[in-house]
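Examining the three-dimensional arrangement
Now for the letters of each chain:
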Amino acid sequence: MKKMMLPVFAATALGLASCGNAGSEGEKKDSVTAGSENIATAPEVMNVLTEAETAAGWKLLFNGSDLNGWRMYKGKDGKTWSALEGTLHCTGSATDKSDMRGDLITNDQYENFELVADWKLAPQGNSGILYLVTEEFEAPYMSGPEYQIIDDNNFPEKLEDWQKSGANYAMNPPAKLAAKPIGEWNHTRIVVNKGKVEHWLNGEKVVETEMWTPAWEKAKATGKWKTYKGYGTAKKGHICLQDHGSEIWFKNMKIRPL
């Protein structure tokens, strides 16, 4: 009988062990699968501030549902900007419909600040984020420096380096091309602090310059802005999103004063 007991006991133990392992593997598999599904299907949380961001003085520029806090430059009756599925969206146009187009500016003005935003551009698109914009001129670019946004690889015209994404348009070319392929989201960071300016694109510092210095004044006087006397003179102004006729989406736009 003793000789018979050991095999039976061993078989029983082996069976129990096998059942236990199968259960663990099944539970583990289900857990991984469920976790993957949760990750894949979880909606992105957009256009919100964390408690830490709020405590640090950050403010949402776009609430995700309407254009509260924004208006058209000089009160133009533009029709191209709207809130769409959690994004600040510009429709663009196949042709230059100037009667419909218009640049969007913040109601508030900012002096020294840090600004972050995510953006996605349509193929062959062109747009920009301007800052220190005033409304004394015909167009925002006549006063405000521009963080350039463009399709670096497929724009239908030849681009100079100072026209490429992340550039301080017509003043400072980007140190490197850091934009993601068209159709993907990019992350921009702009710092303006007592004339010192930084442009960041997808974690890369692409421009570092200082306004109102002799070198800056020389670049202005000898480049595109030589006939625009008001360019870059304001110490405080609006944030502006450019409607250049191209479709573009913005989200997670936040700013904090420095």
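Conventions used here
Residues numbered from 1 in each chain as written. Predicted model: local features only at pLDDT ≥ 70, side-chain atom pairs only at ≥ 80, totals over all residues. Heavy atoms only, no water. Helix = DSSP H or I, 4+ residues; strand = E, 2+ residues; numbered from the N terminus. Contact = heavy atoms within 4.5 Å. Pairing = 2+ DSSP bridges. Axes fitted to C-alpha atoms, helices over the stretch in contact; angles between N-to-C directions. Phe/Tyr/Trp six-rings, centres within 6.5 Å; stacked < 30°, edge-to-face > 60°. Buried < 20%, exposed > 50% of the residue type's maximum accessible area, 1.4 Å probe, protein only. pLDDT = per-residue confidence, 0-100. Salt bridge = Lys/Arg side-chain N within 4 Å of Asp/Glu carboxyl O. Polar contact = N/O pair within 3.5 Å; in protein donor to acceptor, adjacent residues only side chain to side chain.

**Remarks on the overall build of the protein chain**
Along the protein chain, the regular secondary structure elements total three helices and 13 strands. Taking contacts inside the protein chain between residues at least 6 apart in sequence as the whole, the part at least 24 apart equals 66%.

**Description of the sheet that holds strand 8 (residues 146-150)**
With antiparallel pairing, the five strands of this open sheet are ordered in space as 2-5-12-7-8. Looking at which strands have only one partner, the edges of the open sheet turn out to be strand 2 (70-72) and strand 8. Averaged over all pairs of adjacent strands, the angle between their axes in this sheet comes to 20°, without regard to strand direction. Bridge count for strand 7 (residues 126-133) against strand 12 (residues 238-241) is three bridges, and the pairing is antiparallel. Along strand 12, the bridge assignment pairs V133 with H238.

**Topic: the packing of aromatic side chains**
By the definition in use, this model includes 10 aromatic pairs. Ring centres 6.3 Å apart and planes at 70° place the aromatic pair F113 and Y131 in the edge-to-face group. In this pair, F113 is assigned in strand 6 (residues 113-121) and Y131 in strand 7, connecting sequence segments 18 residues apart. A single burial state applies to F113 and to Y131, both of which are buried. With a centroid separation of 6.1 Å and an interplanar angle of 65°, the aromatic rings of Y169 and W225 are classed as edge-to-face. Of the two residues, Y169 sits in the loop between strand 8 and strand 9 (186-193) while W225 sits in the loop between helix 3 (214-222) and strand 12, which places them 56 residues apart along the sequence. Relative accessible area serves as the criterion here: at 14%, Y169 is assigned to the buried category. Ring-pair connections join several aromatic residues into one group, and the members of that group are Y141, W162, Y169, W216, W225, Y228 and Y231.

**Things to note about the environment of I255**
As for its placement among the helices and strands, I255 is situated in strand 13 (residues 248-257). Owing to a relative accessible area of 1%, I255 belongs among the buried residues under this scheme. Considering only alpha carbons, one finds I255 and L60, 195 residues apart in sequence, at a separation of 6.5 Å. For I255, the residues in contact, after removing those within four places along its chain, are G57, W58, K59, L61, Y110, F113, E114, L115 and I239.

**Concerning the confidence of the model for the protein chain**
Chain-level pLDDT for the protein chain is 87 on average; 82% of the residues reach the 70-or-more range. Contacts for the low-pLDDT stretch residues 1-37, under 50 throughout, to residues beyond four places or in other chains number zero contacts.

**As for the pattern of salt bridges**
The final tally for this structure, using the stated rule, is 12 salt bridges. For K205, the salt bridge goes to E208, with nearest N and O atoms at 3.4 Å. By relative accessible area, which is 33% here, K205 ends up partly exposed. Here the residues in one salt-bridge network are E114, R189 and R256, joined through shared partners.

**Some words on the side chain of S127**
One can find S127 in strand 7. You can call S127 buried: its relative accessible area is 1%. Of note is the side chain of S127, whose polar atom sits 2.8 Å from the backbone oxygen of Q242. Setting aside its immediate chain neighbours within four residues, S127 contacts E146, Q148, I149, Q242, H244 and I248.

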